[in-house]
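Working through the structure, step by step
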Amino acid sequence: MSDKNNKLIPMKNKTIFLMTAFIFIAVCSCKKDTSSSNTETELIQAHQAKEFDSSKFDVKIDSLVAQLTLEEKIGMLHGNSMFSTGGVKRLGIPELKMADGPLGVREEISRDSWATAGWDNDFATYYPASGALAATWNTEMAYTFGNSVGQELRARDKDMLLSPAINIVRTPLGGRTYEYMTEDPFLNKKIAVPLVVGLQDNDVMACVKHFAANNQETNRDIYDVQMDERTLREIYLPAFKATVTEAHAYAIMGAYNKFRGEYLCENDYMLNKVLRDEWGFKGVVVSDWAAVHSTVKSLENGLDIEMGTPKPFNEFFLADKLILAAKEGEISETEIDTHVKRILRVLFQVKAMGGQDRVKGSIATEAHYQDAYKIAAEAIVLLKNDNNALPLQLDGVKSIAVIGNNATKKNALGGFGAGVKTKREVTPLEGLKNRLPESIKINYAEGYLERYDDKKKGKLGDITLNGPLTIDQLDPAKLQEAIEAAKNSDMAIVFAGSNRDYETEASDRRNLKLPFGQEELIKRVLEVNPRTIVVIIAGAPFDIQDIGKKTDALVWSWFNGSEGGNALADVLLGTVNPSGKLPWTMPKKLEDSPAHATHSFPGDESVTYSEGILVGYRWFDTKNIEPLYPFGYGLSYTNFEFSDLKTDKEAYNATDVIEVTFTLKNSGAMDGKEVTQLYISDPESHVEKAAQELKGFKKVFVKSGASENVTILLPAKELAYYNEVNKEWLVEPGTYNIKIGNSSRAIKAEVSITIN
Ligand code: BGC
């Protein structure tokens, strides 16, 4: 265990404890918390999201600013290398050092180009992608994730992690779906908040990205998002807001695109009015890489730090041009001081300055690999399991065919954008080899080739325009090899899906089809060996409808981190009972998804979010469209029964907290965890509302045959909608239905309450 973890356990005082407990109240308030080990629960509850203590450093900061020259100040406002801003040695101001990103701490990049720095001490833990983390539906896992990565960031002597990425999954085609968490704003914030808290516990800054309404890669440098204010507030902003107001994130990254006509790195409304004035953000706004378009305007409209590539650093908008603008009186030095002070404040806050004792961290340790394992194991989603195909029954099994390029494909690196250089990435094939008895022979066949139409253009797509173009014809020899392997084995597992060259930043996918001829491969393997199951490794929805009909078992894994292969093998063999749930809706066809049904993706220079608040399952449920697999869906090897749903009262005021209780019984033969989900609907509303909305969840461990009493606290204010006229959140009086279930389409019990 790390030094930092040990430091976390003591509670500072009772008040802090109560405040903190409140942050995690909806998920950690069970009378008897069985969702994971008590130590972890205590760890979270004992933790305080550190607030800015601005007054503490103000005198020092003022004195430093008074000693800085204009050039030194402006040097702090822009990149002086690919991933750092300028420091001022003579005054003890260090560079602010950053690293990407959502999969773990990115390898060291050269100071002035994207080339690797070629270090041999920057190997890191590859953590499950954010989609996987969200699929755990476990806030403690989110804390673990943040804390573990934070340790690694410190071991690399960095100050800021360019993470988490929390844009809403608006279209299943989004190239960064795997990097984002979910289509749902409530799940999004409940995972993002503990992640940021855990990360910042290590004297580092989270840089929450990409603020905001950045939901497609196509044309990302130019498109201008239009949406109504209510949609913005209810869908696209809640997680950003929560990371600022609850987790006190120290940094936010402005997005590439425009919002209502203004680039997001110079958007007065979003950066000054919403982020700072309304939410009280005290940290720094960092631009996405090369996302800045002006000098005076971007600074005045809320940007603090310009980062990017590829021009010389002094040619950045906030470099020589800003010095000139200041000298010519186009911008005041007081304005520049405001931004410099913000940077100094966060540097002090994370103890990068002032000789404070700072977390040292550790990297790629066995403990961190085990963190990655725990998350991976809880992220895997069991989509189908007919005839008890899983867990694999090995009695009498002498051989297993393992088929598919994805059985050996590694995803820590790949595609465009941030990956992780790691010494450990257990592939699915290696996981099976690690976990299967030696007596069972594995017959591996690659099955399909990962091939792109045109290596240069096709592989990464025309940047920000078209996703990679794949070659979908099977190679006859590879197919034959796979058929032989399947024929000659007692059972077969096909590993299909995608990879991080295909799902990648900077382009959206062209369609939902499984690439590289995988569907044909699966069909042909099933013909010769009906005892075939399919595992999909991917970060975003695919059309797996036909496959789902043909195979008995379908498992969804992710770009699932260093230990992904071991976690998967443990699920397939039943050592781990699957408990992941989809964090987004898997549509039957693309046109069923709201952005596509309303023909509002990808747009060209302007994109209007015509579906409004009906994003994800909100659309499917309101319009009565059957999804392939619904939001929140995932099977277990055991069965759960819900009963005795109650609320502590029948009527509440808008400021009350509704205590929802029910019994969860594990009526199957295996211990397991269930994600209990609380949805609300408001049948009497005077305004348009989605058929139902997630407003609470709790992951609960129940032993086989046992029952647990579960409590979910639902603050009545969660029932509010955003009233555009009054510019405020409003809880309408009237009757609301509270529904409990284990997916958005598996509601097990319902109860009504009244808001006075
Ligand atoms: C991405 C960011 C990333 C930055 C630095 C940009 O292309 O959008 O998420 O942090 O590059 O690598």
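Residues numbered from 1 in each chain as written. Predicted model: local features only at pLDDT ≥ 70, side-chain atom pairs only at ≥ 80, totals over all residues. Heavy atoms only, no water.

**With respect to the overall build of the protein**
Rule in force here: Secondary structure elements follow DSSP: runs of H or I of four or more residues count as helices, runs of E of two or more count as strands, with numbering from the N terminus. Put simply, the radius of gyration uses C-alpha atoms, and a globule should come to 2.2 Å times the residue count raised to 0.38. We call two residues in contact whenever any of their non-hydrogen atoms come within 4.5 Å of each other.
When helices and strands are tallied, the protein shows 24 helices and 27 strands. Taken against the 2.2 N^0.38 rule, which gives 27 Å for 756 residues, the C-alpha radius of gyration of the protein at 25 Å falls within 12% of a compact globule. Along the first, second and third principal axes, the C-alpha set of the protein runs to 80 × 65 × 50 Å. Residue pairs at least 24 apart in sequence account for 77% of intrachain contacts in the protein once pairs closer than 6 positions are excluded.

**Quick notes on the site of the ligand**
Threshold: We call a residue near a given molecule or strand whenever any one of its heavy atoms falls within 4 Å of it. Under this definition, polar contacts are N or O atom pairs within 3.5 Å; protein pairs additionally need one hydrogen-donor-capable and one acceptor-capable atom, and for neighbouring residues in sequence, both atoms have to be side-chain atoms. Accessible surface area values rest on a Shrake-Rupley calculation with a 1.4 Å probe, where residue burial reflects the displayed protein chains alone. Grid spacing is 1 Å over the protein atoms alone, the probe is 1.4 Å, and a cavity is where that probe fits but cannot get out, while a pocket is an open set with protein on both sides within 12 Å along at least five of seven lines and lining residues have an atom within 4 Å of a point. A pocket or cavity is taken to hold a molecule when more than half of that molecule's atoms are within 2 Å of the pocket's grid points. Charged means Asp, Glu, Lys or Arg here, nonpolar means Ala, Val, Leu, Ile, Met, Phe, Trp, Tyr, Cys or Pro, and polar covers whatever is left, Gly included.
Around the ligand there are 14 residues in total, and Asp 100, Arg 176, His 210, Asp 288 and Glu 505 lie nearest to it. For the ligand, an oxygen atom lies 2.8 Å from a polar atom in the side chain of Arg 176. At 2.9 Å from an oxygen atom of the ligand is found a side-chain nitrogen or oxygen belonging to Lys 209. Surface burial for the ligand is 95%, taken as the share of its 310 Å² of free accessible area covered by protein chains. The pocket occupied by the ligand, as judged from atoms lying within 2 Å of grid points, is the second largest pocket. Counted by class, the shell around the ligand contains 6 nonpolar, 1 polar and 7 charged residues.

**What to know about the environment of Phe 123**
As a reminder of what qualifies: Working definition: with a 1.4 Å probe on protein chains only, accessible area under 20% of the residue-type maximum means buried, over 50% means exposed, and in between means partly exposed.
Along the chain, the position of Phe 123 falls in the loop between strand 3 (96-100) and helix 7 (130-136). Under the relative-accessibility criterion, Phe 123 is labelled partly exposed at 23%. For the pair formed by Phe 123 and Phe 701, sequence separation is 578 residues and the distance between their alpha carbons is 34 Å. In contact with Phe 123, other than residues within four places in its own chain, are Ile 363, Ala 364, Lys 421, Thr 422 and Lys 423.

**Here we look at the pairing of strand 14 (residues 491-497)**
The side chains of a regular strand alternate between the sheet's two faces. Rules: Pairing between strands requires that DSSP locate at least two bridges from one strand to the other. Orient the strands so they point away from the viewer, and a crossover whose first-strand-to-second-strand path over the helix runs clockwise is right-handed.
Burial runs high along strand 14: 7 of the 7 residues are buried. The alternating pattern of strand 14 places Met 491, Ile 493, Phe 495 and Gly 497 and Ala 492, Val 494 and Ala 496 on opposite faces, both of which are buried. As defined by bridge partners, strand 12 (residues 399-403) adjoins strand 14 across 4 bridges and the pair is classed as parallel. Its bridge partner being in strand 14, Ile 400 is matched across the sheet by Met 491. Direction of pairing for strand 14 relative to strand 15 (residues 532-537): parallel, over a ladder of 6 bridges. Of the residues in strand 15, the one forming a bridge with Ala 496 is Ile 536. The parallel pair strand 14 and strand 15, bridged by helix 20 (residues 518-528), forms a crossover whose chirality is right-handed.

**Description of the packing of aromatic side chains**
Heads up, the condition is: In this scheme Phe, Tyr and Trp rings, the latter by its six-membered ring, pair at centre separations within 6.5 Å, and the angle between planes marks the pair as stacked below 30 degrees, edge-to-face above 60, and tilted otherwise.
Across all of its chains, the model carries 24 aromatic pairs by this definition. Between Phe 186 and Phe 697, the aromatic rings sit 6.1 Å apart at their centres with planes inclined by 85°, giving edge-to-face as the arrangement. With Phe 186 in helix 9 (residues 185-200) and Phe 697 in strand 22 (residues 693-702), the pair connects residues that are 511 residues apart, well separated along the chain. A residue is classified by how much of its surface remains accessible, and Phe 186, at 3% relative accessible area, is buried. A residue is classified by how much of its surface remains accessible, and Phe 697, at 1% relative accessible area, is buried. A centroid spacing of 5.9 Å and a plane angle of 65° characterise the contact between Phe 211 and Trp 279, whose relative ring orientation is edge-to-face. One end of the pair, Phe 211, is in strand 5 (residues 205-211); the other, Trp 279, is in the loop between helix 12 (268-278) and strand 10 (284-287), with 68 residues separating them in the sequence. Residue classification places Phe 211 among the buried residues on the basis of a relative accessible area of 0%.

**Quick look at empty space enclosed by the protein**
Definition in use: Grid points are joined across faces, edges and corners, and a volume is the space filled by probe spheres set on the points.
Overall, the coordinates contain 8 cavities of 30 Å³ or more when judged by the stated rule. In this model, the largest cavity occupies a volume close to 120 Å³. Every residue lining the largest cavity is counted, 17 residues in all, and those nearest its centre are Glu 425, Val 426, Pro 428, Trp 558 and Asn 560. It is helix 22 (residues 564-573) that provides the largest number of residues to the lining of the largest cavity, a total of 3 residues. Taken together, the residues that form the lining of the largest cavity break down as 7 nonpolar, 8 polar and 2 charged.

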